[in-house]
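Here's the letter readout for the chains.
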Amino acid sequence: MSEFKRQIELAAKRQQIAVIGVLAFFSFVGTLLVVGFVLLKATVIEIAPEPAAVNADISVESGAAIYVEGTLFSLSRQPVLNVTSEGFEPVSRAIGSDEEGKTALIEMQELQARLVLTVMDINDDVAWKLNGKALPLSTSLDQKLEPGTYEVELEHPYYEPETVQFELGRGQTETREISLTRIEGQVELNVTPEGADLNFDGEKVAEYPVAVKRPAGKYFVTIEKEGYLPITDEVEITNKDRTLSRHYQLQPQPAYVDVSVSPAGGELSLNGKSISADGRQKLAPNKRYYLNYRKKGYTSEEREILLKPAEEAEISFNLKLNIGDVQITSSPEAAVYIDGKAVGNTPLSLRLPSFTHKISIVRQGYRTIIKSVVPSAASPQRIDVTLQTEKAAQLAEAKPKYVNSVDMEMVLFQPGNVTLGAPRSESGQRANEFIRAVELTRHFYAASTEVTQAQFALFDTSRSYSGSGALPISNVSWDQAAQYCNWLSKKEELSPFYKFDGDRYRGFAPNADGYRLLTEAEWEWLARKAGRIKQTRFPWGDDPVIPKDAGNIADESANGKTRFYVPNYVDGHAGVAPVKSFAKDNAGLHDIFGNVSEWVHDYYSLVPPANDAVLQDPLGRQQGDQHMFKGANWSSGTLTELRPAYRGSGTEGSDTVGFRVGRFLYGEVK
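Bear in mind that the values here come from a model prediction, so they are computed numbers and not experimental data.

**What about the overall build of the protein chain?**
When helices and strands are counted, the protein chain shows seven helices and 49 strands. For the protein chain, the C-alpha radius of gyration of 59 Å lies well beyond 26 Å, the compact-globule estimate for 670 residues. Every one of the 670 residues in the protein chain was classed for burial, and the buried ones make up 41%. Sequence-distant contacts, at least 24 apart, represent 58% of the contacts inside the protein chain between residues at least 6 apart.

Have a look at this one:
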């Protein structure tokens, strides 16, 4: 093959390869365009507000994307746009995946304006207001503001107020120097009295009254005159006080007085007003004063004072003791104490200082009398008293009735004589009912009711009861009843009557005024004689027939329940009854007859009394074996038990025995 032909064939092969390459390139580009068209996202971009959108310049900051005429074409996720617009803050904004293929809103913020104002030739702070709102005091104003119209007010007390207005655009900075106009004012001055040296702002004023014109500001005024207190004042001319008027009244220099007093502890007064006796007193000159010093028991003194300006004086008071006569008498003779100190026995004549004295007139067994007296030199004082025995005084003060701390009504009794027991001839009489004559001399209180379950539970909290607790307490031993009395005494700050060593009974204190059990004699006197014309066999009288509603005993309802019962008598209660279920008896007490028998104070004794012996306020022995109870109860149905002379004995409690409290009106008996 010729060289020429070979060259032609090579050229044909190169041309063929070139055509295949071009076709492959365009095939590859076409494939890319198809793939890009499938993956390309078109997002509409909106700019707000509208003024920012007009001049907005938008470019792709990062990501595979192209921005064309309001639309962003992106291949990559979350491309970032950069947006600028004149007068607005630049924005760098990523387009979120949830916005791709939709509309993305980009909001731009207006650039703030700046207002810078300076006041010329003033070093003090100025009051600023921006659109009516007060700003902190300062010598200048530098504020970043939103575009708009503003009014600035400036005020300084020494200058005319100024108001300026500004129109600020986006991103605009306004700088201005402001000059204020200083005002001028006038100060009118006058001084009384004449002849004083007047200086205004360091310059002497020759004549006054005078009107001084000055620029606004502070000025000092000084005024001096011999014999008078100097005056220093500050006046200030401002845009609100342009004309000031001052009339100064000089005050004379004060006078002084030093006061000494003897004896100390009295009352010093100046023109009737109490003042301290320590140190010097400042007084107005040329004014009349009256200085008075007094003390109880002494003659008072007074001084007249009239001092010149700046004059000083010394005044002393030395009071003389005022003595008065006091004559004291008493019936019977008694000891006399003056202010707690024994001075002798009546009759007595004393000379005492003329101040209040406490005089006590004392005799053993009698109520002390206390008097207050102020002796006088003008006339003698006389004290004449009649002493009462302590018993008589307490009796005079005693209430006929009172309600104690546990709601018991206590009734006061003034007893007399009673005969205890019963003769052998009396129906139902027992051998232990000895006839005994008794004289009761001590006033005593007795409870109008038996102690109730509720009242006893206040002492013994282990006791329970149902309802109101108004049933009388029972099933208590004599010792428990005595301990209750002591508890109640301590509760009311009375002297305990009974003596206990722990729970062991040791005896009683006969002169104590605390609560106790009634004695046998007191109980029988209350049941048979108190409030009656004569002593009776039964609480209601001498007739053995029981009156209707006399008390709670074994009545018809007890037939078959108790060993004995009273036929044809009905009291309405098969067992124990609440206290006060029956009316009070002649003595003013409930349930002395019936309900529960009652422990009394005395030990039980079978020793008969001596012939013709009269027992006075018998309390019985300090120790014994058996205690005594008195009175019928809800289960009593025999004539023997229904009589007040009946005497029962025991130590332990039962369901038929309770107790009633009493107490002596007064304690120690001499």
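**Quick word on the sheet that holds strand 18 (residues 210-215)**
Two orientations exist for strands paired in a sheet by backbone hydrogen bonds: parallel and antiparallel. A sheet is described by the order of its strands in space; here three strands give the open sequence 18-15-21, paired in mixed fashion. Of all strands in the sheet, those bounded by a partner on one side alone are strand 18 and strand 21 (243-249). Across this sheet, the average inter-strand angle for adjacent strands is 25°, counted without regard to direction. As paired elements, strand 15 (residues 184-192) and strand 21 share seven bridges and run parallel to each other. If you follow Val187 over to strand 21, its bridge partner there is Leu244.

**Regarding the side chain of Glu100**
Tracing the chain through its elements places Glu100 in the loop between strand 6 (91-94) and strand 7 (103-107). Sequence-distant contacts of Glu100, that is, excluding residues within four places in its chain, are made with Lys41, Thr43, Ser76, Arg77, Gln78 and Pro79.

**A few points about empty space enclosed by the protein**
Enumeration according to the criterion identifies one cavity of 30 Å³ or more in this entry. One number sums up the size of the largest cavity: a volume of about 50 Å³. Lining the largest cavity are Leu440, Arg442, Thr519, Glu522, Asp617, Pro618, Leu619 and Phe664. Counted by class, the lining of the largest cavity contains four nonpolar, one polar and three charged residues.

**A look at the layout of surface pockets**
Approximately 330 Å³ is the volume attributed to the largest pocket. Along its surface, the largest pocket is lined by 17 residues, and Arg436, Ser605, Val607, Leu615 and Gly620 are the ones closest to its centre. Of all the elements in the fold, those that place two or more residues in the lining of the largest pocket are strand 39 (436-439), helix 6 (520-528) and strand 44 (597-603). Partitioning the lining of the largest pocket into residue classes produces 10 nonpolar, two polar and five charged. In this structure, the second largest pocket encloses a volume near 240 Å³. Ala550, Ala583, Lys584, Asp585 and Asn586 are the residues nearest the centre of the second largest pocket, which is lined by 15 residues in total. A per-class count over the lining of the second largest pocket returns eight nonpolar, three polar and four charged.

**Focus: the nonpolar core**
By size, the foremost hydrophobic cluster in this structure holds 58 residues, and its most contacted members are Met408, Phe413, Tyr484, Tyr498, Leu526, Phe659 and Val661. At six residues, helix 5 (residues 478-491) tops the list of elements feeding residues into this core. In contact with Phe413, not counting residues within four places along its chain, are His443, Phe444, Ala446, Trp525, Leu526, Ala587 and Leu589. Formed by 41 residues, the second largest nonpolar core is a distinct cluster that contains Leu117, Val152, Val187 and Tyr248.

**A word on helix 5**
For helix 5, built from 14 residues, the straight-helix expectation of 20 Å at 1.5 Å per residue is met to within 8% by its first-to-last C-alpha distance of 20 Å. Of all the residues in helix 5, the buried ones are Trp478, Ala481, Ala482, Gln483, Tyr484, Cys485, Asn486, Leu488 and Ser489.

**Examining the pairing of strand 19 (residues 217-224)**
Along any regular strand, the residues point their side chains to alternate faces of the sheet. Along strand 19, the buried face is formed by Gly217, Tyr219, Val221 and Ile223; none of Lys218, Phe220, Thr222 and Glu224, which line the opposite face, is buried. Judged from the seven bridges that link them, strand 19 and strand 20 (residues 231-237) form a sheet pairing that is antiparallel. From the neighbouring strand, Phe220 faces strand 20, where its bridge partner is Glu234. With antiparallel pairing between neighbouring strands as the criterion, strand 19 and strand 20 make up a hairpin whose turn holds six residues, including Gly227 at a positive phi of roughly 85°.

**With respect to the pattern of salt bridges**
Within this structure, the stated rule accounts for 30 salt bridges. Note that Arg643 and Glu433 form a salt bridge whose closest N and O atoms lie 2.5 Å from each other. On the criterion of sequence distance, the pair formed by Arg643 in the loop between helix 7 (639-642) and strand 47 (647-650) and Glu433 in the loop between strand 38 (417-420) and strand 39 is long-range, its members being 210 residues apart. Judged by relative accessible area, Arg643 falls into the buried class, the value being 0%. Judged by its relative accessible area of 2%, Glu433 falls in the buried class. Several salt bridges share partner residues, and in doing so they unite Arg436, Glu520, Glu524, Arg528, Lys630 and Arg647 into one network.

Each value, and the rule that gives it
- All residue numbers refer to positions counted from 1 along the written sequence of the respective chain.
- Side-chain atom pairs in this predicted model are given and counted only at pLDDT of 80 or more, local residue features only at pLDDT of at least 70, and totals for whole chains, interfaces and linings cover all residues.
- Hydrogen atoms and water are omitted, and side-chain values are computed over all heavy atoms in the structure.
- Strands are runs of DSSP state E lasting at least 2 residues, helices are runs of H or I lasting at least 4, and numbering of each runs from the N terminus.
- Computation of the radius of gyration draws on C-alpha atoms, with the globule rule given as 2.2 Å multiplied by the number of residues to the power 0.38.
- Exposure categories follow from relative accessible area, calculated using a 1.4 Å probe and restricted to protein chains: below 20% of the type maximum is buried, above 50% is exposed, and the middle band is partly exposed.
- Whether two residues are in contact is decided by their heavy atoms: any pair within 4.5 Å suffices.
- Criterion used throughout: strands pair if DSSP finds at least two bridges between them.
- As a rule, the C-alpha atoms of each element are fitted with a line to give its axis, helices using only the stretch in contact, and angles between N-to-C directions run from 0 to 180 degrees.
- In the cavity and pocket records, a cavity denotes points on a 1 Å grid over the protein atoms alone where a 1.4 Å probe fits but cannot get out, a pocket denotes an open set with protein on both sides within 12 Å along at least 5 of 7 lines, and lining residues are residues with an atom within 4 Å of a point.
- Grid points are joined across faces, edges and corners, and a volume is the space filled by probe spheres set on the points.
- When residue character is reported, Ala, Val, Leu, Ile, Met, Phe, Trp, Tyr, Cys and Pro are called nonpolar, Asp, Glu, Lys and Arg charged, and the others, Gly included, polar.
- The term nonpolar core refers to a set of buried residues drawn from Ala, Val, Leu, Ile, Met, Phe, Trp, Tyr and Cys, joined through side-chain atoms within 4.5 Å.
- In this scheme, a helix's expected span is set at 1.5 Å multiplied by one less than its residue total.
- For this document, the term salt bridge refers to a Lys or Arg side-chain nitrogen within 4 Å of an Asp or Glu carboxyl oxygen.

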